[in-house]
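# Overview (structure and organization)
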Amino acid sequence: MRKPIGRTAAAYAPRAAIVGALVAALLATASCTGAVPPDAAAAGTAPAPTSSPASPATPATGSPSAAPAPVPDTLRFTGTTLTGSAFDATRLAGRPVVLWFWAPWCATCASQAWTVAEIAPRYRDTVPIVGVAGLGEQRDMKNFVSEFDLGDMPQIDDRKGTLWKRFKVTEQSIFVIIDRDGTVVHQGFLDGESLSARVAALAGA
């Protein structure tokens with residue numbers, strides 16, 4: 001009677017190859033998941049990021065705007081400009097303001113007009129300069145504005161003297177400087193150099 005022939009190592013080779021292939025496939029699958037092996041985590045190796053960092057949050061839209069600045073009594077007045085537009089001084093609250101009281105026939109006003117025309121556009125948003133024309137005819141006032149290129153700043157037609165009386169101005173040329181709190185910090189004459197220096201200081205305050 002023949003003895004059954006024992007299986008040799010060669011007989012197990014195909015099965016071992018199949019098992020090895022399955023183990024390799026499982027390991028490859030695990031490595032694609034991005035999971036950190038326990039021994040790597042213990043060694044302090046950081047996992048590779050699986051996504052890009054979050055971008056900064058976008059500010060919410062529709063948030064309420066800043067509360068308007070309180071309106072001081074000095075800026076509670078209205079008027080009409082030489083171009084016929086309505087003027088409301090309350091809109092200037094929270095900023096320093098320069099009121100320039102001038103007359104169209106005034107030689108001193110004419111000498112100051114060049115400086116005013118130069119600096120008014122530069123400080124339009126920080127220190128508005130507002131002309132208050134009086135003591136003359138409207139046609140002469142408009143000619144004055146045109147001659148000295150003052151059309152880029154508001155020019156109030158105050159032929160009735162309403163604002164001149166309100167600020168107790170009795171002569172031309174007078175500058176009334178109001179700080180951002182509504183306090184009159186200067187009322188009187190200023191030459192071109194002094195006016196430029198004061199306006200620049202107010203803009204930087």
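First, a word on scope: everything that follows refers to the structure included in this document.

Reading the values: rules and limits
- Residues numbered from 1 in each chain as written.
- Predicted model: local features only at pLDDT ≥ 70, side-chain atom pairs only at ≥ 80, totals over all residues.
- Heavy atoms only, no water.
- Helix = DSSP H or I, 4+ residues; strand = E, 2+ residues; numbered from the N terminus.
- Buried < 20%, exposed > 50% of the residue type's maximum accessible area, 1.4 Å probe, protein only.
- Contact = heavy atoms within 4.5 Å.
- Salt bridge = Lys/Arg side-chain N within 4 Å of Asp/Glu carboxyl O.
- Bend = angle between axes of the 7 residues up to and from the residue.
- Arc of directions from axis to C-beta.
- Axes fitted to C-alpha atoms, helices over the stretch in contact; angles between N-to-C directions.
- Parallel < 35°, antiparallel > 145°, perpendicular 65-115°, else oblique.
- Left-handed = near helix turned anticlockwise from the far one by under 90°.
- Nonpolar A, V, L, I, M, F, W, Y, C, P; charged D, E, K, R; others polar.
- Pairing = 2+ DSSP bridges.
- Lys, Arg positive; Asp, Glu negative; His and termini not counted.
- Polar contact = N/O pair within 3.5 Å; in protein donor to acceptor, adjacent residues only side chain to side chain.

### Observations regarding the overall build of the protein
When you go through the protein residue by residue, the secondary structure sums to 6 helices and 7 strands. Listing the helices and strands of the protein from first to last along the sequence gives α-α-β-β-β-α-β-α-β-α-β-β-α. Relative to its 205 residues, the protein shows a buried fraction of 33%. Long-range contacts, defined here as pairs at least 24 residues apart, represent 66% of the contacts in the protein between residues at least 6 apart.

### Remarks on the pattern of salt bridges
Summed over the entire model, instances satisfying the criterion amount to 3 salt bridges. Residues Asp73 and Arg76 are paired through a salt bridge, measuring 3.6 Å at the closest nitrogen-oxygen approach. Overall, the relative accessible area of 60% leaves Asp73 in the exposed class. One salt bridge connects Glu118 with Arg122, and the closest N-O pair in it is separated by 3.5 Å.

### Observations regarding helix 3 (residues 107-119)
At Ala113, helix 3 shows its strongest bend, of approximately 35°. Taken as a whole, helix 3 has its buried residues at Cys109, Ala110, Gln112, Ala113, Thr115, Val116, Ala117 and Ile119. Residues of helix 3 that are buried sit in contact with strand 3 (97-102), strand 4 (129-133), helix 4 (138-147), strand 6 (174-178) and helix 6 (192-204).

### Examining helix 4
Those residues of helix 4 that fall on the buried side of the exposure criterion are Met141, Phe144 and Val145. Buried residues of helix 4, viewed axially, fall in a sector of 95°; they line one side. Structural note: helix 4 exposes Arg139, Ser146 and Glu147 on the side pointing more than 90 degrees away from its buried face. Buried residues along helix 4 sit against strand 3, helix 3, strand 4 and strand 5 (155-157). Phi turns positive one or two residues past the end of helix 4, at Asp149, with a value near 55°.

### Regarding the packing of helix 3 against helix 6
Contact pair helix 3 / helix 6: the axes reach a minimum separation of 9 Å and the direction vectors enclose 25°. One finds that helix 3 runs roughly parallel with respect to helix 6. Crossing hand, helix 3 versus helix 6: right-handed. Along its contact with helix 3, which presents Thr115, Val116 and Ile119, the element helix 6 presents Gly192, Leu195, Ser196 and Val199. Split into classes, the residues belonging to the contact of helix 3 with helix 6 amount to 4 nonpolar, 3 polar and no charged.

### Thoughts on the pairing of strand 7 (residues 184-188)
Within a regular strand, the side chains alternate between the two sheet faces. Bridge count for strand 6 against strand 7 is 4 bridges, and the pairing is antiparallel. What sits directly across from Phe175, in strand 7, is Gly188. Where strand 6 hands over to strand 7, the hairpin turn is made up of 5 residues, of which Gly182 adopts a positive phi near 95°.

### Looking at the side chain of Asp179
Relative to the assigned elements, Asp179 resides in the loop between strand 6 and strand 7. Of the side chains with opposite charge, Arg180 comes closest to the buried, unpaired Asp179, at an N-O distance of 7.5 Å. A polar atom in the side chain of Asp179 sits 2.8 Å from the backbone nitrogen of Thr183. In this view, Asp179 contacts Arg95, Pro96 and Val185; residues no more than four positions away in its chain are not counted.

### Here's the deal with unusual backbone geometry
Residue Gln172 is joined to Ser173 through a cis peptide bond whose omega torsion reads -5°. Assignment of secondary structure puts Ser173 in the loop between helix 5 (162-166) and strand 6. For Leu135, which is not glycine, the phi torsion reads 55° and is therefore positive. Given a relative accessible area of 45%, Leu135 falls into the partly exposed group.

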